[in-house]
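# Descriptive structure summary
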Amino acid sequence: MYDLIIRNGTIVDGSGMPRFRGDVGIAKGKIATIGKVRESARETIDADGHIVAPGLIDAHTHMDAQVFWDALGTCSCWHGVTSVVMGNCGFSLAPCGEKDKLLVMRNLERAEDISPQAMEAGIKWSWTTFAEYLDAVERQPKGINYAAYMGHSALRTYVMGQRAFEESATTEDLQMMREELGNAIRAGAIGFTTSRTSNHQTPDGRPVASRIANWDEVRSLVGVMGDLGAGIFEIAGEDTGAEGARLDDYLARLKALAVDTSVPVTYGMFSSRRAPDYWRNYFKLADETAAAGGRMFIQVHSRSLNILLSFETMMPFDRIPAWKEIRKLPLAEQEAALRNPDTRRKLVEAAHERGEADRGVGAEARSANFKWIFPLLRPTPPHRSIAEIADAEHKDPVDVIIDLALAKNLKQFFMQTLVNEDQDRVLEMMKHPRSVVTFSDSGAHVSQIMDSSLQTHVLSHWVREKQALTLEQAIRMMSFVPAYHWGLKGRGLLREGNFADVMVFDPEKITPKLPELAHDLPAGARRLKQKSEGLLATVVNGQVLLRNNEHTGALPGKLLRGPLAAD
């Protein structure tokens, strides 16, 4: 007898090959049969009119802390994702003993917008080494599957303490880091990550620990994985400018690192209106690295990268003196102030001020360029800018924002676009053979960004609305391709003998819903949440985790350890 049969569906198996109609029989957590299944099962899903596809894989998340208080794996699980990779950009919770946890939280607090109060309240610290951290994750009830990188900032603070934020590593420091990284890879860490970008700062505006390291330190640590023949290196890159000697030097170092160590190298890439073809340098680099015998692949997004603004969270005007006092008030009092004509006039005038203090870092609100701020009225494009609305209605753009917000009692969201403005370039990057569609940052920037829906955005916008991708192409991009690059064997493809991670959805209805704000993190910390429509079922390791995107009570997720642990 099967444990579960998914009947009468249209199967898109993740390979990119054409869809076909059939059943999927599941037993003992794995796919037992694909085709016509005549036997019975303990549980059945009628998938008539629906697509049956592999569970999707998001390889760029920051769910390292969230896994300890959110067994379900939200918001990723609500968008067909059944496996995630966490610990990106040099940020992990291990290695670190409980007595030093504030150092790790210092790296995470501003750079990734993860509440230290939530971490303090939600995590029962039970590890020091990375191997012990993996064991703690394995013990934790989980809805989806997790693989974990070791982060450079955590490793540095583990070995160097406060010096990690100030000094180069000594020979002894580096040897200790190498030993701990080697132990982590042998215990099942999927790789090692670092950040060298000024977007990653501590709450007091200083560099996170990994940014203090020199390139020789990075090379030495990546070399540990090369010596072991296991592990992936992920980097949040350097601030090189769009062209010139600094960029050339950085690209040459990345290529040499991949070729010399034989360690796969990956990084994220966006396009930008400020340097429209800058991203092409990095795709050319990946091709040149492959020709030289190295492996390099690029993480790309599926839409523009947006900060979500609202009066409930943050606005571009919050640092302007005239707005500061108003923005400290409860929401109802802010609404009353904005309805006062004299107060509103002063605020509108002040909102046009500019200054150094009004510029964000990384995923933070920027000065208000109204051409690139959009009311979020529907979950997918097209969106109309505040500048366009202001021109059409002969209004000041700040008045437009205030009117739209007041119409929703200040609960209206606005998108402030940072990069990936040109969607033709976004599509070109998505379709590049050395790219992987991922990069949700799920678990981080929780009150600023909501990109856990990038997968359902692909299925609704790029497949159904724009018809720029076939369903077969899109599913392959988000299942088999990341499974291949991150070595998640037996996942990302519907094949007999593979793990039964499956999503069942209506291709005519699948779409992200509009985001909402909740205060459901530990200690009542706030976060953005976003569900989707059109998902009939999400199956993880053979058990139905979600039906109609509601939790069944099952928690079948697993820790996915790297290849040396499997040995």
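Let me begin by describing the structure that accompanies this report. In this text the structure is predicted, and so the values were computed from the model without any measurement.

## Topic: the overall build of the protein chain
- If you tally the helices and strands in the protein chain, you get 18 helices and 24 strands.
- The C-alpha atoms of the protein chain give a radius of gyration of 24 Å, which matches the 24 Å a tight globule of 567 residues would have.
- Oriented by its inertia axes, the alpha-carbon framework of the protein chain measures out at about 75 × 60 × 45 Å.
- Every one of the 567 residues in the protein chain was classed for burial, and the buried ones make up 61%.
- Element-wise, carbon and sulfur atoms account for 49% of the exposed surface of the protein chain, whose accessible area totals about 21,500 Å².

## A word on the environment of Leu-559
- Tracing the backbone shows Leu-559 in the loop between strand 24 (550-551) and helix 18 (563-566).
- For the pair Leu-559 and Tyr-146, spaced 413 residues apart in the sequence, the C-alpha separation amounts to 5.0 Å.
- When residues no more than four places from it in sequence are discounted, the contact partners of Leu-559 are Leu-134, Val-137, Glu-138, Lys-142 and Tyr-146.

## A look at the packing of helix 4 (residues 152-160) against helix 5 (residues 171-187)
- It is the contact of helix 4 with helix 5, at a shortest axis distance of 10 Å, that shows an interaxial angle of 125°. As summarised for this structure, helix 4 and helix 5 are arranged oblique, according to the angle between their axes. Crossing of helix 4 over helix 5 shows right-handed handedness. On the side of helix 4, the interface is formed by Leu-155, Arg-156, Tyr-158, Val-159 and Met-160, while helix 5 contributes Asp-173, Met-176, Met-177, Glu-180 and Leu-181.

## Side note on the pattern of salt bridges
- Taken as a whole and assessed by the stated rule, the structure comprises 44 salt bridges.
- Measuring nitrogen to oxygen at the nearest pair gives 3.3 Å for the salt bridge that ties Arg-163 to Glu-167.
- Take Arg-163: its relative accessible area is 27%, and that puts it in the partly exposed class.
- The exposure class of Glu-167 is partly exposed, given its relative accessible area of 33%.
- Glu-288 serves as the salt-bridge partner of Lys-284, at 4.0 Å between the closest nitrogen and oxygen.

## Quick look at helix 8 (residues 278-291)
- Among all positions of helix 8, only Tyr-278, Trp-279, Tyr-282, Phe-283, Leu-285, Ala-286 and Thr-289 are buried. Relative to the axis of helix 8, the buried residues are bounded by an arc of 155° and lie together on one face. In helix 8, the exposed positions angled more than 90 degrees off the buried face are occupied by Lys-284 and Ala-291.
- Along its buried surface, helix 8 packs onto helix 7 (245-261), strand 11 (265-268), strand 12 (296-300), helix 14 (423-431) and strand 16 (435-437).
- Just downstream of helix 8 lies Gly-293, where phi reads positive at about 100°.

## Details of the sheet that holds strand 12
- The eight strands are arranged 6-7-8-9-10-11-12-16 in an open sheet whose pairing can be described as parallel. Edge positions in the sheet fall to strand 6 (56-58) and strand 16, since each has one partner strand and no second. Each adjacent strand pair in this sheet contributes to an overall mean axis angle of 25°, direction not counted.
- By the bridge criterion, three bridges tie strand 6 to strand 7 (residues 81-86) in an arrangement that is parallel. When the sheet's bridge partners are listed, Leu-56 is paired in strand 7 with Val-81.
- Sitting on the sheet, helix 3 (residues 130-139) touches strand 7 and strand 8 (145-151), and the angle it makes with strand 8 is about 160°.
- Strands strand 11, strand 12 and strand 16 of the sheet are contacted by helix 8, whose axis makes an angle of about 155° with strand 12.

## Considering the packing of aromatic side chains
- Here the structure, examined in full by the defined rule, presents 16 aromatic pairs.
- Here Tyr-278 and Tyr-282 contribute two aromatic rings whose centre-to-centre distance is 5.4 Å and whose plane-to-plane angle is 65°, an arrangement assigned as edge-to-face. Of this pair, Tyr-278 and Tyr-282 both sit in helix 8, four residues apart, roughly one helical turn. With respect to class, Tyr-278 is no different from Tyr-282; both count as buried.
- Through successive ring pairs, a cluster of aromatic residues spans Phe-68, Trp-125, Trp-127, Phe-130 and Tyr-133.
- The side chain of Lys-30 reaches across the aromatic face of Phe-499, ending 4.9 Å from its centre.
- A cation over a ring is seen here: Arg-106 above Phe-165, with NZ or CZ 4.1 Å from the ring centre.

## With respect to the side chain of Thr-456
- Examined against the element boundaries, Thr-456 turns out to sit in helix 15 (residues 454-465).
- What Thr-456 contacts, discounting residues up to four positions off in sequence, is His-79, Ile-510, Thr-511, Pro-512 and Ser-532.

## Digging into the sheet that holds strand 14 (residues 373-375)
- The strand order across the open sheet formed by three strands is 13-15-14, and the pairing between neighbours is antiparallel. Every other strand in the sheet has two partners, leaving strand 13 (305-309) and strand 14 as the edge strands with one partner each. Shown here is a sheet whose adjacent strand axes are inclined to one another by a mean of 30°, direction ignored.
- Relative to strand 15 (residues 414-419), strand 14 is paired through three bridges, and the arrangement is antiparallel. For Ile-373, the partnering residue across the bridge sits in strand 15 and is Gln-416.

## With respect to the environment of Ala-169
- Assignment of secondary structure puts Ala-169 in the loop between helix 4 and helix 5.
- Sequence separation of Ala-169 and Asp-399 is 230 residues, and the distance between their C-alpha atoms is 53 Å.
- The residues contacting Ala-169, other than those within four sequence positions of it, are Arg-156, Met-160, Leu-174, Met-177 and Glu-217.

## Details of the nonpolar core
- Formed by 117 residues in total, the largest nonpolar core has its most connected members in Leu-93, Tyr-133, Phe-233, Tyr-267 and Phe-505.
- Beyond its immediate stretch of four places on either side in the chain, Phe-233 contacts Phe-192, Thr-194, Val-218, Val-222, Met-225, Leu-257, Val-263, Pro-264, Val-265 and Thr-266.
- Counting 38 residues, the second-largest nonpolar core is a separate cluster that includes Phe-270, Leu-338, Ile-402 and Ile-449.

## Considering the side chain of Glu-472
- Take Glu-472: it is sitting in helix 16 (residues 471-478).
- Other than its neighbours up to four places away in sequence, Glu-472 contacts Val-12, Gly-16, Met-17, Pro-18 and Arg-19.

Reading the values: rules and limits
Residues numbered from 1 in each chain as written. Predicted model: local features only at pLDDT ≥ 70, side-chain atom pairs only at ≥ 80, totals over all residues. Heavy atoms only, no water. Helix = DSSP H or I, 4+ residues; strand = E, 2+ residues; numbered from the N terminus. Rg over C-alpha atoms; globule rule 2.2 N^0.38 Å. Buried < 20%, exposed > 50% of the residue type's maximum accessible area, 1.4 Å probe, protein only. Areas by Shrake-Rupley, 256 points an atom, 1.4 Å probe, with all protein chains shown as cover. Contact = heavy atoms within 4.5 Å. Axes fitted to C-alpha atoms, helices over the stretch in contact; angles between N-to-C directions. Parallel < 35°, antiparallel > 145°, perpendicular 65-115°, else oblique. Left-handed = near helix turned anticlockwise from the far one by under 90°. Salt bridge = Lys/Arg side-chain N within 4 Å of Asp/Glu carboxyl O. Arc of directions from axis to C-beta. Pairing = 2+ DSSP bridges. Phe/Tyr/Trp six-rings, centres within 6.5 Å; stacked < 30°, edge-to-face > 60°. Lys NZ or Arg CZ within 6 Å of the ring centre and 35° of its normal. Core = buried A, V, L, I, M, F, W, Y, C linked by side-chain atoms within 4.5 Å.

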